[in-house]
Amino acid sequence: MNELPQKRIAIFGSTGSIGSQALEVIEAHPGKFSVEVLTANSNEELLIKQALKHNPNIVVITDETKTGKVKEALATTSIKVFAGENALQEVASMDVYDLMLAAIVGYAGLKPTLNAINAGKAIALANKETLVVAGEIVMQAAIVKRVPILPVDSEHSAIFQCLMGEMRNPIEKIILTASGGPFLGRKTNYLVNVKREHALQHPNWNMGAKISVDSATLMNKGLEMIEAKWLFNLKPEQIQVLIHPQSIIHSMVQFEDGSIKAQMGLPDMKLPIQYALAFPERLPNKFPRCDFRKYNNLTFDEPDYRTFQNLSLAIEALKKGGNLPCILNAANEIAVYAFLKNRLGFLEMTDVIEKTMQKISFIEKPSLDDYYQSDGEARQYAADLVQL
Ligand code: NAD
Ligand code: MG
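Residues numbered from 1 in each chain as written. Chains lettered and ligands numbered in written order. Predicted model: local features only at pLDDT ≥ 70, side-chain atom pairs only at ≥ 80, totals over all residues. Heavy atoms only, no water.

**Structural notes on the coordination of the magnesium ion (ligand 2)**
Ideal donor angles around a metal are set by the shape: a four-donor tetrahedron calls for 109.5 degrees, a six-donor octahedron for 90 or 180 degrees.
Working step 1: Those donors, Asp-153 (OD), Glu-155 (OE) and Glu-224 (OE), are the protein atoms that reach the magnesium ion (ligand 2), and they lie 2.1 to 2.2 Å from it.
Working step 2: All donors of the magnesium ion (ligand 2) belong to a single chain; written as a sequence motif, their spacing is D-x1-E-x68-E. Of the two residues, Glu-155 is situated in helix α7 (residues 154-162) and Glu-224 in helix α11 (residues 219-232); the sequence distance between them amounts to 69 residues. Here Glu-155 matches Glu-224 in class, with each residue buried. (Donors = N, O, S within 2.8 Å, 3.2 Å for Na, K, Ca; no water. Helix = DSSP H or I, 4+ residues; strand = E, 2+ residues; numbered from the N terminus. Buried < 20%, exposed > 50% of the residue type's maximum accessible area, 1.4 Å probe, protein only.)

In structure tokens:
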């Protein structure tokens, strides 16, 4: 049997939780992948370590004050060092890789991902904010360029896996499962006192700071509803959220005959990362297996929309569409940043997002420039509110 050529991978956001786990997956499958591009925002030490180990063609460090250190550390190698935000977009457009793992956090991931699509590169998408901000434009560009967008987010990977072999069968609805985060069952009187350290303790997943806070507020599930709408071309009423604290069922698809398919496994991001990198192949691995005798009590519940109002705000943005999800996302990024700096209370994040959504002008059919503009305005307004 002929061996397939190595897939050339560019990891945008390689020093993060997803990026680092992707490198572990790649390392565990020698000969399958080659690492061509690694990028980091400011963690130059880890970027250097990763570069020395995986020997990419190019590294990008966004924080230009760190350029000298990276260049010096890689001086004896043939690795090219690029620096600055523009370099991120430039490298994304270069014909030096086959698949981009979009693992930058937040709005910062949008432009490089769009450039990669326009350059005809396959995308393994972890960065959900890209679709929340400009889903219509991103998916349209992918269709025009015939580029696959392979979901990495575990819920969307689950849905994608359930849809294999079902391409002609319409979806009746999807059921997005949610662990409920560290404050499941808590009420407002508890949440008012919650601090950064509590919010970063997720029961089932070990993730970057921003998504951990989003999981604690349930904003993450709201962002994922919007992400699902664009990935699977769904109407808001076809997307149901269900609390499932054990995180064994990663999500489900219900078809028009009432049949429901679920994708299951232990909560481990390496599985959806590996599935997206190797798609359409399933690679053998040594990840721990799920033993249902140990998980003999899978439970399901309705989310508490009154307590976790960020989820309700995201649903409002999902239903109204236009630039509202972009505004929601920008205000949320500022609010989470302020919360992580102990400048804003847990529940106050909701106020900032709500006020920003009310303030910034609504645009029903935004252009890409409108999205950039709305993002900037929303960020500015939210930053003024929290006095950043
Ligand atoms: P993280 O904070 O651990 O890592 C983020 C990465 O992005 C780092 O490499 C960082 O250097 C880079 N980065 C941050 N800001 C940047 C900027 N302004 N410009 C350029 N690079 C920048 O985040 P993470 O948890 O790995 O999450 C990455 C993305 O994947 C997020 O969009 C998140 O929602 C999504 N995701 C993560 C998980 C998870 O388990 N961690 C699960 C599902 C989806
Ligand atoms: Mg998820």
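**What to know about the site of ligand 1**
Working step 1: Around ligand 1 sit 23 residues, and of these Thr-15, Ser-17, Asn-41, Glu-129 and Gly-208 come closest.
Working step 2: Here Thr-15 contributes a side-chain N or O atom positioned 2.7 Å from an oxygen atom of ligand 1.
Working step 3: In the complex, 86% of the free accessible area of ligand 1, which totals 830 Å², lies under the protein chains.
Working step 4: Broken down by secondary-structure element, the contributors of at least two residues to the shell around ligand 1 are α1 (17-27) and α6 (128-145).
Working step 5: Here the residues of the shell around ligand 1 sort into 11 nonpolar, 9 polar and 3 charged. (Near = heavy atom within 4 Å. Polar contact = N/O pair within 3.5 Å; in protein donor to acceptor, adjacent residues only side chain to side chain. Areas by Shrake-Rupley, 256 points an atom, 1.4 Å probe, with all protein chains shown as cover. Nonpolar A, V, L, I, M, F, W, Y, C, P; charged D, E, K, R; others polar.)

**Re the layout of surface pockets**
Working step 1: Its volume calculated, the second largest pocket comes out at about 660 Å³.
Working step 2: Counting residues per element, the ones that place at least two in the lining of the second largest pocket are α6, β7 (149-151) and α11.
Working step 3: Top element by residues in the lining of the second largest pocket is α6. It accounts for 5 residues. (1 Å grid on protein atoms, 1.4 Å probe; cavity = no way out; pocket = protein on both sides within 12 Å on 5 of 7 lines; lining within 4 Å. Points joined across faces, edges and corners; volume = space filled by probe spheres on them.)

**Let's talk about the sheet that holds β7**
Working step 1: Reading across from one edge, β4-β3-β2-β1-β5-β6-β7 is the order of the 7 strands in this open sheet, with parallel pairing throughout. For this open sheet the edge positions go to β4 (80-83) and β7, each flanked by a neighbour on one side alone. Pairs of neighbouring strands in the sheet enclose a mean axial angle of 20°, with direction left out of account. (Pairing = 2+ DSSP bridges. Axes fitted to C-alpha atoms, helices over the stretch in contact; angles between N-to-C directions.)

**Thoughts on a nonpolar patch on the surface**
Working step 1: On the surface, Met-264, Phe-292 and Tyr-295 cluster together to form a nonpolar patch covering roughly 270 Å² of accessible area.
Working step 2: With respect to the element layout, Met-264 can be found in strand β11 (residues 260-264). (Patch = residues over 30% accessible without salt bridge, like charges linked within 9 Å, V, L, I, M, F, W, Y side chains within 5 Å. Salt bridge = Lys/Arg side-chain N within 4 Å of Asp/Glu carboxyl O.)

**Let's talk about the side chain of Thr-217**
Working step 1: Along the chain, Thr-217 turns up in helix α10 (residues 209-217).
Working step 2: Exposure remark for Thr-217: the relative accessible area of 5% places this residue in the buried category.
Working step 3: Within the local environment of Thr-217, its side chain forms a polar contact with the backbone nitrogen of Met-219, the two atoms lying 3.1 Å apart.
Working step 4: One polar contact links Thr-217 to Asn-310, side chain to side chain, over a distance of 3.4 Å.
Working step 5: Once residues within four sequence positions are removed from consideration, Thr-217 is found in contact with Phe-308, Asn-310, Leu-311, Phe-346 and Met-349. (Contact = heavy atoms within 4.5 Å.)

**Points about α11**
Working step 1: A rise of 1.5 Å per residue sets the reference length of α11, with its 14 residues, at 20 Å; its end C-alpha atoms lie 20 Å apart and thus fit the reference within 8%.
Working step 2: Where α11 ends, the next residue or the one after it, Asn-233, has phi of about 55°, a positive value. (Expected span 1.5 Å × (residues − 1).)

The values reported here are purely geometric and, on their own, carry no functional implication.
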